[in-house]
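Given next are the chains, with one letter for each unit.
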Amino acid sequence: MQTDIGPYDPATRQVPVSFTVGELVHKRAVNACLKNGEYDPAATADRVAQVARGVAVKMDLGVITEQPESEALPAAAEVPAEPVETADTTAPAE
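Residues numbered from 1 in each chain as written. Predicted model: local features only at pLDDT ≥ 70, side-chain atom pairs only at ≥ 80, totals over all residues. Heavy atoms only, no water.

**Digging into the packing of aromatic side chains**
The condition is simple: Side-chain rings of Phe, Tyr and Trp (the six-membered ring for Trp) are treated as a pair once their centres are within 6.5 Å; stacked means planes under 30 degrees apart, edge-to-face means over 60, and tilted covers the remaining angles. A run of H or I in DSSP becomes a helix once it reaches four residues, and a run of E becomes a strand once it reaches two; helices and strands are each numbered from the N terminus.
This model, assessed by the stated rule, comprises one aromatic pair. Seen from their ring centres, Y8 and Y39 are 4.4 Å apart, and the 10° between their planes marks the pair as stacked. Taken together, the residues span a long stretch of sequence, with Y8 in the loop between β1 (2-5) and β2 (14-21) and Y39 in strand β5 (residues 38-39) at a distance of 31 residues.

Have a look at this one:
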């Protein structure tokens, strides 16, 4: 498995990571490791390696698969509004 670690984001304290096996690519954020409040690249690389082992198992089991390309969803204005029937909760129970 190949892992590519992106730049550290101090706002989220995470790094974006791409996990690649053959044609299968899984991208996710991984919590970065800090030492004395500062980003620790070596410890973060170790943490990414730990996460990669779990990702590899999930890929082998078929839990993580190729993501289908998402189809464009219609804008809210394009979706016709349909009336929704609801129970009258203000009427006294019989």
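**As for the sheet that holds β2**
Our working definition: The rule for pairing is simple: two strands pair if DSSP sees at least two bridges between them. Note on method: axes are straight lines fitted to C-alpha atoms, helices fitted across the in-contact stretch only, with angles between N-to-C directions ranging 0 to 180 degrees.
On the basis of which strands lie adjacent, the open sheet formed by three strands has the order β1-β2-β3 and antiparallel pairing. Taken across any chain shown, the strands that pair with only one partner, and hence form the sheet edges, are β1 and β3 (24-31). Pairs of neighbouring strands in the sheet enclose a mean axial angle of 25°, with direction left out of account. Strand direction decides the pairing type here: β1 and β2, joined by four bridges, are antiparallel. By the bridge assignment for β2, Q2 is matched with T20.

**Looking at the environment of D40**
Convention followed: Between buried and exposed lies partly exposed: a residue is buried under 20% and exposed over 50% of the maximum accessible area for its type, with that area taken using a 1.4 Å probe on protein chains only. Polar contact is the term for a pair of N or O atoms within 3.5 Å; when the atoms are in protein, one must be able to donate a hydrogen and the other to accept it, and sequence-neighboring residues count only if both atoms are side-chain atoms.
As for its placement among the helices and strands, D40 is situated in the loop between β5 and α1 (41-61). By relative accessible area, which is 19% here, D40 ends up buried. Spatially, the C-alpha atoms of D40 and Y8 are 9.7 Å apart, while their sequence positions differ by 32 residues. A distance of 3.2 Å separates a polar side-chain atom of D40 from the backbone nitrogen of A42.

**A closer look at the nonpolar core**
Note the cut-off: Think of a nonpolar core as a cluster: buried Ala, Val, Leu, Ile, Met, Phe, Trp, Tyr and Cys residues, connected wherever their side-chain atoms sit within 4.5 Å. Throughout, a contact is declared for two residues whenever any of their heavy atoms are within 4.5 Å.
Counting residues in hydrophobic clusters, the biggest one holds 12 residues: V15, V17, F19, L24, V30, A32, V48, V51, A52, V55, M59 and I64. Setting aside chain neighbours within four positions, we find V51 in contact with F19, R28 and V30.

**Focus on the side chain of D40**
Formally: Charge assignment: positive for Lys and Arg, negative for Asp and Glu; neither His nor the chain ends contribute. We define a salt bridge as a contact between a side-chain nitrogen of Lys or Arg and a carboxyl oxygen of Asp or Glu at a distance within 4 Å.
An unpaired buried charge is present at D40: no salt bridge exists, and K35, the closest side chain of opposite charge, is 5.2 Å distant. Residue contacts for D40: discarding those within four places in its chain leaves C33, L34 and K35.

**A short note on the confidence of the model for the protein**
The condition that has to hold: The quantity known as pLDDT measures the predictor's confidence residue by residue, on a range of 0 to 100.
Per-residue confidence for the protein averages 83 on the pLDDT scale, and 70% of its residues sit at or above 70. Least confident of the elements in the protein is β3, whose mean pLDDT is 94; most confident is β1, at 97.

**Quick look at α1**
Operational definition: Expected span of a helix: the number of residues minus one, times 1.5 Å. The arc in question is formed by the directions pointing from the helix axis toward the C-beta atoms.
With 21 residues, α1 extends 30 Å from end C-alpha to end C-alpha; this agrees with the ideal 30 Å at 1.5 Å per step. T44, V48, V51, A52, V55 and M59 are the residues of α1 that are buried. Burial along α1 is one-sided: seen end-on, the buried residues are contained in an arc of 125°. Exposed residues lying more than 90 degrees from the buried face of α1 are A42, D46, R53, D60 and L61. With a side-chain oxygen positioned 3.2 Å from the backbone nitrogen of A42, the residue opening α1 is D40.

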